[in-house]
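# Structure assessment
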Amino acid sequence: MSETEQTVDVRVGAGGDPLTLGLPVFAVASLALGMGLLGLPAGLHVVAPLIILTTGLFQLVVTIWAIFLGQSIVALIFGLFSGFWLTLGAVLIGTTHGWFGIAHVGAAEELVFICYASLFAFLFIPCLRLPAIYPIILALIVAALSFAAAGVFSIAGYLALTFAFLGFYASLNVAQVALGAKPLLSLGKPFVS
C-alpha cells in the first residue's frame, strides 16, 4: 500500500462576518456612554471608560478582520469608531487620573465630541447606501455628540441610549444570518440606491 499525500487548503481569517463582533460591542459601549451622560448609575464613571476603551480595541480587531475580507466600508466605519472609542476612553481615564495635566476636563471631552461629530457627519453621506438603520444610527450619534459638546447631557444621553438599542437590534439580524438563518428583522431599505 502506498500512502498519498493530500493537501488541504487552509485559509486563516478568510471568512465570517466582522459585524457579528462589531455591532454588539458598539451597542454595549453606546449603552455605557448613554448611561454615563445621564449619570446613571452612581459609580458608572469608573466602569464606563473601561468599557469604552475596550470597545475601541475590539473594534480595531473588527477593522483588521474587515480589511482581510476586503470589506472596505466596514473597515472604514469600524476603524473610525475604534478611533472614537479609544480616544474617548483614554481622555476619560486620563483626565480622571490627572495624566494629562488638563485643568478643565470638560474642554477635553468637548473637543473629542466636536471632532468626532464632524467626522461622523461626513461618514453619514456614503452610509446612505447601506440599510436604513445604519445612517439613522449615524444621525443619532452626530446629534448626541453635538448635544454632549454643548453640555446638554440629558438629551445626549437619551440619544445615545436610542442608538445603543438600534445597535443591539442590528446585531440580532447579523447573528441570525451568521447562524445560517434568515434575518429576523428588517434593517430598512437604503435611502439611496
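Bear in mind the structure is a predicted one, so any value in this text is a computation, not a measurement.

Here Leu60 lies in helix H2 (residues 44-69). The spatial distance from the C-alpha of Leu60 to the C-alpha of Trp85 is 9.9 Å, given a sequence separation of 25 residues.

You can see Gly106 is positioned in helix H4 (residues 105-127). Here Gly106 falls in the partly exposed class, since its relative accessible area comes to 32%. Taking the C-alpha atoms as reference, Gly106 lies 22 Å from Ala121; in sequence the two are 15 residues apart.

Take Asn173: it is sitting in helix H6 (residues 153-178). Take Asn173: its relative accessible area is 8%, and that puts it in the buried class.

Before going further, it helps to spend a moment on the confidence of the model for the protein. Predicted confidence across the protein gives a mean pLDDT of 90, with 91% of residues reaching 70 or more. Confidence, read as mean pLDDT per element, is least for H2 in the protein (91) and greatest for helix H5 (residues 133-149) (98).

This paragraph deals with the packing of helix H1 (residues 19-38) against H5. Look at H1 against H5: their axes get within 13 Å of each other, and the N-to-C directions meet at 30°. Overall, the two elements H1 and H5 adopt an arrangement that is roughly parallel. Crossing of H1 over H5 shows left-handed handedness. Together, Leu19, Leu23, Phe26 and Leu37 of H1 and Tyr134, Ile137, Ile141 and Ala148 of H5 make up the contact between the two elements.

Another point: the nonpolar core. Core analysis: the largest hydrophobic core is formed by 46 residues, its most contacted members being Phe120, Ile141 and Phe163. Contributions of two or more residues to this core are made by H1, H2, helix H3 (72-96), H4, H5 and H6. In terms of residues, this core owes the most to one element, H5, which gives 11 residues. With near-sequence residues (within four places) excluded, Ile141 lies in contact with Phe26, Phe81, Phe120 and Phe163.

Turning to H4, a few remarks are in order. For H4, which comprises 23 residues, the first-to-last C-alpha distance of 33 Å matches the rise-based estimate of 33 Å (1.5 Å per residue) to within 8%. Those residues of H4 that fall on the buried side of the exposure criterion are Ala108, Glu109, Val112, Phe113, Tyr116, Ala117, Phe120, Leu123 and Cys127. Check the buried side of H4 and you find it contacts H3 and H5.

The rules behind each value
Residues numbered from 1 in each chain as written. Predicted model: local features only at pLDDT ≥ 70, side-chain atom pairs only at ≥ 80, totals over all residues. Heavy atoms only, no water. Helix = DSSP H or I, 4+ residues; strand = E, 2+ residues; numbered from the N terminus. Buried < 20%, exposed > 50% of the residue type's maximum accessible area, 1.4 Å probe, protein only. pLDDT = per-residue confidence, 0-100. Axes fitted to C-alpha atoms, helices over the stretch in contact; angles between N-to-C directions. Parallel < 35°, antiparallel > 145°, perpendicular 65-115°, else oblique. Left-handed = near helix turned anticlockwise from the far one by under 90°. Contact = heavy atoms within 4.5 Å. Core = buried A, V, L, I, M, F, W, Y, C linked by side-chain atoms within 4.5 Å. Expected span 1.5 Å × (residues − 1).

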